[in-house]
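The chain contents come next:
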Amino acid sequence: AQKVTQAQTEISVVEKEDVTLDCVYETRDTTYYLFWYKQPPSGELVFLIRRNSFDEQNEISGRYSWNFQKSTSSFNFTITASQVVDSAVYFCALSIPMIKAAGNKLTFGGGTRVLVKP
Amino acid sequence: DVKVTQSSRYLVKRTGEKVFLECVQDMDHENMFWYRQDPGLGLRLIYFSYDVKMKEKGDIPEGYSVSREKKERFSLILESASTNQTSMYLCASSFRLALGIAATDTQYFGPGTRLTVL
């Protein structure tokens, strides 16, 4: 069975501070995908990034960066120079291919609420 | 642009009522999913469908059923609503891809329906 743990339930920072969200996953599959989604107050989950298990390169996209380490089963997310608009709930998710559906079943962590104060 | 819509943002029903939640996507996706979101538990998969008239149980299907008569529409049905089904319900869709190491599909989410059962 798959499991995703986001140990931080809520993080509060002041604008321009950096914030790192932790994500630890468990799976016995060798092929899997990791995702981060953002859920702003409007409620809709917004896709941020996906990473497959064979690609351990870190990635940077603007103020966002991701650190994937298979050795520790972690896929952490850092927001640099946070802004008020970054206030949201962030979800880490693990995906295992489903043969019948030829798609992926997502297992989500509990989410981390980020509050950025001006 | 990717578009997944849900019939209602907020819904209030009484115990024992039959409830229909509708989801429509305009991206010609084969796969569609229903999740419920509860604080601290993240999103949990209720049912998914990989083709018209096809459905598969997710992790928490008890008390729910689904219907997929057309490719673009996926309905979640609560036959007899109960108070423990008060939750946020999120629909998602994705392409059905060929199997393979590089194959992945990103799930795109609707805005959610917040259901309250009194």
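Residues numbered from 1 in each chain as written. Chains lettered and ligands numbered in written order. Predicted model: local features only at pLDDT ≥ 70, side-chain atom pairs only at ≥ 80, totals over all residues. Heavy atoms only, no water.

(A) Up close: the overall build of chain B. Looking only at helices and strands, chain B has zero helices and 11 strands in total. Ordered by position in the sequence, the α and β elements of chain B form the string β-β-β-β-β-β-β-β-β-β-β. The C-alpha atoms of chain B give a radius of gyration of 14 Å, which matches the 13 Å a tight globule of 118 residues would have. In terms of overall dimensions, chain B has a C-alpha envelope of 45 × 30 × 25 Å along the principal axes. When the 118 residues of chain B are sorted by exposure, 50% land in the buried category. Of all intrachain contacts in chain B linking residues separated by at least 6 positions in sequence, the fraction that spans at least 24 positions is 58%. (Helix = DSSP H or I, 4+ residues; strand = E, 2+ residues; numbered from the N terminus. Rg over C-alpha atoms; globule rule 2.2 N^0.38 Å. Buried < 20%, exposed > 50% of the residue type's maximum accessible area, 1.4 Å probe, protein only. Contact = heavy atoms within 4.5 Å.)

(B) A look at the pattern of salt bridges. All names here are of chain B. Under the counting rule described, the total for this entry stands at nine salt bridges over all chains. A salt bridge links glutamate 22 to arginine 73, with the shortest nitrogen-to-oxygen separation between them at 4.0 Å. Separated by 51 residues along the polypeptide, glutamate 22 in strand S3 (residues 19–25) and arginine 73 in strand S8 (residues 73–78) bring together distant segments of the chain. In this structure glutamate 22 comes out as partly exposed when scored by relative accessible area, which is 22%. Residue arginine 73 is classed as partly exposed on the basis of its relative accessible area of 38%. (Salt bridge = Lys/Arg side-chain N within 4 Å of Asp/Glu carboxyl O.)

(C) Representation of the packing of aromatic side chains within the structure. The full count for this structure, using the stated rule, is 21 aromatic pairs over all chains. Relative to Phe47(A), the ring of Tyr37(A) lies with its centre 6.0 Å away and its plane at 65 degrees, an arrangement referred to as edge-to-face. With Tyr37(A) in strand S5 (residues 33–39) and Phe47(A) in strand S6 (residues 46–52), the pair connects residues that are 10 residues apart, well separated along the chain. Judged by relative accessible area, Tyr37(A) falls into the buried class, the value being 0%. What makes Phe47(A) partly exposed here is its relative accessible area of 27%. Between Tyr35(B) and Phe109(B), the ring centres sit 5.6 Å apart and the planes meet at 40 degrees, which makes this aromatic pair tilted. (Phe/Tyr/Trp six-rings, centres within 6.5 Å; stacked < 30°, edge-to-face > 60°.)

(D) Spotlight on the state of the cysteines. Residues and elements named next belong to chain A. Enumeration according to the criterion identifies two disulfides over all chains in this entry. Note that cysteine 23 is cross-linked by a disulfide to cysteine 92, the S-S spacing being 1.9 Å. Its S-S torsion of about -65 degrees marks the bond between cysteine 23 and cysteine 92 as left-handed, since a negative value means left-handed. Within this pair, whereas cysteine 23 is found in the loop between strand S3 (19–21) and strand S4 (24–26), its partner cysteine 92 is found in strand S10 (residues 88–98), the two being separated by 69 residues in sequence. Judged by relative accessible area, cysteine 23 falls into the buried class, the value being 0%. (Disulfide = S-S within 2.5 Å.)

(E) Quick peek at the nonpolar core. Residue and element names in this part refer to chain A. Ranked by size, the top nonpolar core spans 24 residues in total, and within it Leu21, Trp36, Phe77 and Tyr90 carry the most contacts. For this core, the elements supplying multiple residues, two or more each, are strand S2 (10–14), S3, S5, strand S8 (64–69), strand S9 (74–79), S10 and strand S12 (112–117). When residues in this core are grouped by element, the largest group, five residues, is from S10. When neighbours within four sequence positions are excluded, phenylalanine 77 is seen to be in contact with Val19, Thr20, Leu21, Trp36, Leu48, Tyr64, Ser65, Trp66 and Tyr90. (Core = buried A, V, L, I, M, F, W, Y, C linked by side-chain atoms within 4.5 Å.)

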